Amino acid sequence: MATDSPVRVRFAPSPTGLLHIGGLRTALYNYCFARKHDGAFILRIEDTDRARYVDAAEEDIREALEWTGLDIDEGPDAGGPHAPYYQSERKEAYRTYAEQLVEDGHAYYAFDTEDELDAMRASLATEENPNPKYDAQTRTEMRNSLTLSDAKVDELLDAGAEYVIRLKVPQGEKIHFEDEVRGHVSFDASGLDDQVLLKSDGMPTYHLANVVDDHRMEISHVIRGEEWLSSTPKHILMYRAFGWDVPTLAHLPLILSPNGGKLSKRDADEMGIPVFVTDYKEAGYEPEALVNYLALLGWHPGDDRELFSLDELVDAFSLDRVGSSGTQFDADKLRWINEQHLREKDDASLLERVRDVAAAEGYTPSDDALQEIIDLTLDRVQMAHEIVTDNRYFFEDPETYEEAGVEKRWKDDSADLLLAYADRLEAADAFDTDTVERELRDLADAHDVGAGRIIHPARLAVSGRSYGPGVFGLMVGVGRDACIRRMRTAAERLG
RNA sequence: GCCGCGUUCGUCUAGGGGUCUAGGACGCCGGCCUCUCACGCCGGUAACACGGGUUCGAAUCCCGUACGCGGUACCA
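Below is a summary of the structure that appears in this document. Every chain is numbered on its own, with residues counted from 1 as its sequence reads. Naming scheme: in the order in which they are written, chains are lettered from A and ligands are numbered from 1. Since the coordinates come from a predicted model, pLDDT governs what is reported: local features require at least 70, and pairs of side-chain atoms require 80 or more to be given and counted, while whole-chain, interface and lining totals use all residues. Based on all heavy atoms of the structure, the side-chain values leave hydrogens and waters out of the count.

### Re the overall build of chain A
How we decide: The helix count covers DSSP runs of H or I at least four residues long, the strand count covers runs of E at least two residues long, and both are numbered beginning at the N terminus. When we talk radius of gyration, it's over C-alpha atoms, and the globule rule is simply 2.2 Å times the number of residues to the 0.38. For each residue, the accessible area found with a 1.4 Å probe, counting protein chains only, is set against the maximum for its type, and the residue is called buried under 20%, exposed over 50%, and partly exposed in between. For every accessible area listed, the method is Shrake-Rupley and the probe measures 1.4 Å; residues are considered covered only by the protein chains on display. The charged-residue count follows a simple rule in which Lys and Arg add positive charge and Asp and Glu add negative charge, with His and chain termini not counted at all. For the purpose of locating charges, the reference atoms are NZ of Lys, CZ of Arg, CG of Asp and CD of Glu.
If you tally the helices and strands in chain A, you get 21 helices and 11 strands. For chain A, whose C-alpha radius of gyration is 32 Å, the value lies well above the compact-globule estimate of 23 Å for 495 residues. Projecting the C-alpha coordinates of chain A onto the three principal axes gives extents of approximately 110 × 50 × 35 Å. Split into buried and exposed, the 495 residues of chain A put 51% on the buried side. Of the roughly 22,900 Å² of accessible surface on chain A, a fraction of 44% belongs to carbon and sulfur atoms. Where the 54 positive side-chain charges of chain A centre and where its 99 negative ones centre are 2 Å apart.

As structure tokens, this is what we get:
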């Protein structure tokens, strides 16, 4: 294993759709590992599947990485010594490598058509073995350069017949490797099939392109999802056939849906758990929070800390603290982490953040007013947008009054008390929390009632709700004219 | 079906032969604070999948079973 070489890791997504949350976590772990070891973080676009290629996917990946702050050292935009970073642009190079394998006896041409393959599988499939392989056994009965004469093979090749190149998996061999998160892993080669390396359209499969690129880009550590664990022995075989060192391997546990299954678009929608990174952005999560949460999903810092900035994650990260079991997504915890990050934001950036949110809702308060609203609401929300969307009374008069609140707090004398309070506020020579409170308490004394007798109706009148920030601050945040107006309106509406 | 990987509170996890009457966090419940709601603080609930073995001693090591997940494509 390449242990002394400089750390070079890659995030190698396939542009087949929007970037999945699991993909972002893979990118994050790679990023942290690279930064931790002063290595390089490389982005490589694995666009070898023409059929599933989605044009907007690459832009989405780029945006997701930028949003979360995972800076790329080498890649399509950043450039680098191993360009191009698109596999589709290296089509011919892979063919050369595949042919080299054929020449060396580690791979072979196969001319079987899709129908022939289907027929083979159909005839061999049994209940015991529903997925027959193209392996050491079956390849002897198929049309390939192992069963056909050299002359026939040349003839087919010359005639431009469609073919693939398949890996010639050795028989009865045990393939062992060390995984940084799982320890020792071994597979029996007879359980593998003769993996297609070069497709009939001339494109490499993932397996070929991945091994070739990881080698030529001098990737030191392959950190990827557990879904690749089963194909790792094929990759090892290829490294061996090429005579290359195998990078250090680390397979990350998969992210599961809260009900245990795979995190799918469908049940994610049903449980309000976005699958795509862009959906988190749209839902209003702080990128720092998402990153923090994702880091903790399958990795543990070794102490009791839970709140991390990206830099702190880098500092604390190590592969040997990555867990090996699948991990269920917990939206509540994410929200909690989001809340913590929101509170750690400095005033200026929080103000800017909330200003954007307000603007999106059609509100354009002054910075002073907005700052006041933030001060009043920050410890009552988990999401930035909730400062605005859960507290619209700062921007507009309430149209309705919370029923349970009215039931509980609105008494026979409430209207009269509020009317009197409104008059006092109108006459007051200031409108700050002290004045507002003093006027209220004086009024309560004058009527010989508890302050709550006015406080609660006032809150109801001004915000339409029975809960929220302390009334005095709330009223100042709403403003004198609006408060007076709303109290008089409520007195009229609620009697 | 076969192959592989996994299994500690509901969830994320710590712990990796004795320090474990199993620790932390989220959630949930209760209390305090209080004009309400939050915040904060205090307290509580709740787990070693099961069965065998090894050992003086097992959550920790081994085997088996169950369950979960992944793979089993000219998809990645």
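Back to the text.
### Examining the protein's contact with RNA strand B
Quick note on the threshold: Note on terminology: near, applied to a residue and a molecule or strand, indicates that one of the residue's heavy atoms is within 4 Å of it. Any pair of N or O atoms that falls within 3.5 Å is considered a polar contact. Within protein, one atom must be able to donate a hydrogen and the other to accept it, and sequence-neighbouring residues count only if both atoms are side-chain atoms. Amino acids outside the nonpolar list (Ala, Val, Leu, Ile, Met, Phe, Trp, Tyr, Cys, Pro) and the charged list (Asp, Glu, Lys, Arg) are all regarded as polar, and Gly is one of them.
With respect to spatial proximity, 63 residues lie near RNA strand B, and among them Glu128, His300, Glu306, His456 and Gly468 are the closest. Backbone atoms, meaning sugar and phosphate, make up 69% of the atoms of RNA strand B lying within 4 Å of the protein. In the model, a base nitrogen of RNA strand B is placed 3.4 Å from a nitrogen or oxygen of the serine 230 side chain. Sorting elements by how many residues they give to the surface near RNA strand B places helix 12 (residues 331–344) first, with four residues. Split by residue class, the surface near RNA strand B holds 18 nonpolar, 20 polar and 25 charged.

### Digging into unusual backbone geometry
Geometrically, the link from alanine 83 to proline 84 is a cis peptide bond, its omega value of 0° lying close to zero. Counting through the fold element by element, proline 84 comes out in the loop between helix 2 (57–68) and helix 3 (91–103). Look at glutamate 218: it is not a glycine, yet its phi comes out positive at around 55°. You can see glutamate 218 is positioned in the loop between helix 6 (206–216) and strand 8 (221–225). In this model, aspartate 448 sits at a positive phi of 60°, which is unusual for a non-glycine residue. By the secondary structure assignment, aspartate 448 is in the loop between helix 18 (433–446) and helix 19 (452–463).

### Brief notes about the packing of helix 13 (residues 347–360) against helix 14 (residues 367–377)
Selection rule: Structural elements are reduced to axes, namely lines fitted to C-alpha atoms, with helices fitted over the stretch in contact, and the angle between N-to-C directions of any two is expressed from 0 to 180 degrees. For classification, angles of less than 35 degrees are called roughly parallel, those exceeding 145 degrees roughly antiparallel, those between 65 and 115 degrees roughly perpendicular, and all remaining angles oblique. The contact criterion used is simple: two residues touch if any of their non-hydrogen atoms lie within 4.5 Å.
Here helix 13 crosses helix 14 at 100°, and the two axes come no closer than 10 Å. When the axes of helix 13 and helix 14 are compared, the pair comes out roughly perpendicular. On the side of helix 13, the interface is formed by Asp347, Leu350, Leu351, Val354 and Arg355, while helix 14 contributes Asp367, Leu370, Gln371 and Ile374. For the contact of helix 13 with helix 14, the residue count by class is five nonpolar, one polar and three charged.

### Focus on the pattern of salt bridges
The cut-off we apply is this: The salt bridge criterion pairs a side-chain nitrogen of Lys or Arg with a carboxyl oxygen of Asp or Glu, the two atoms within 4 Å.
A full pass over the atoms with the stated rule returns 37 salt bridges. For arginine 182, the salt bridge identified is with glutamate 226, shortest N-O distance 3.7 Å. Separated by 44 residues along the polypeptide, arginine 182 in the loop between strand 5 (174–179) and strand 6 (183–188) and glutamate 226 in the loop between strand 8 and helix 7 (232–242) bring together distant segments of the chain. Residue class for glutamate 226 comes out partly exposed when judged on its relative accessible area of 26%. A cluster of three or more residues bridged by salt bridges with shared partners is formed by Arg10, Arg44, Glu46, Arg90, Asp213, Asp214 and Arg216.

### Thoughts on the environment of histidine 184
Counting through the fold element by element, histidine 184 comes out in strand 6. When its relative accessible area of 49% is taken as the criterion, histidine 184 is described as partly exposed. Expressed as a C-alpha distance, the spacing of histidine 184 and arginine 121, which sit 63 residues apart in the sequence, is 33 Å. Beyond its immediate stretch of four places on either side in the chain, histidine 184 contacts His176, Phe177 and Glu178. Among the polar contacts made by the side chain of histidine 184, one reaches the side chain of histidine 176 at a distance of 2.9 Å.

### Side note on the sheet that holds strand 4 (residues 164–167)
Note the cut-off: Strand pairing is assigned whenever DSSP detects at least two bridges linking the two strands.
Spatially, three strands are ordered 3-4-7 in an open sheet, and the strand pairing comes out antiparallel. The two strands at the open ends of the sheet, each matched to only one other strand, are strand 3 (107–110) and strand 7 (196–198). Adjacent strand axes in the sheet meet at a mean angle of 40°, parallel and antiparallel pairs treated alike. Two strands pair when backbone bridges link them, and strand 4 and strand 7 are joined in this way by two bridges, in the antiparallel orientation. Paired with isoleucine 165 across the bridge in strand 7 is leucine 198.

### Description of the side chain of histidine 341
Structurally, the position occupied by histidine 341 is in helix 12. Histidine 341 sits in the buried class, given a relative accessible area of 9%. Polar side-chain contacts of histidine 341 include one of 2.7 Å to the side chain of asparagine 292. When sequence neighbours within four positions are dropped, the list of residues in contact with histidine 341 reads Glu288, Ala289, Asn292 and Phe308.

### Some points on the nonpolar core
To keep it simple, the criterion reads: Think of a nonpolar core as a cluster: buried Ala, Val, Leu, Ile, Met, Phe, Trp, Tyr and Cys residues, connected wherever their side-chain atoms sit within 4.5 Å. Domains are outlined according to an automatic or database domain assignment.
Counting residues in hydrophobic clusters, the biggest one holds 55 residues, and the most contacted among them are Leu28, Leu70, Tyr280, Leu294, Trp299 and Phe329. At nine residues, the largest contribution of residues to this core is made by helix 1 (residues 21–36). Split by domain, this core shows at least three residues from each of two domains, domain 1 (8–76 + 208–255) and domain 3 (265–343). Among residues more than four places away in sequence, those in contact with tryptophan 299 are Tyr29, Phe308, Leu313, Ala316, Phe317, Ser318, Arg321 and Val322. Counting 52 residues, the second-largest nonpolar core is a separate cluster that includes Leu376, Phe394, Val449 and Met475.

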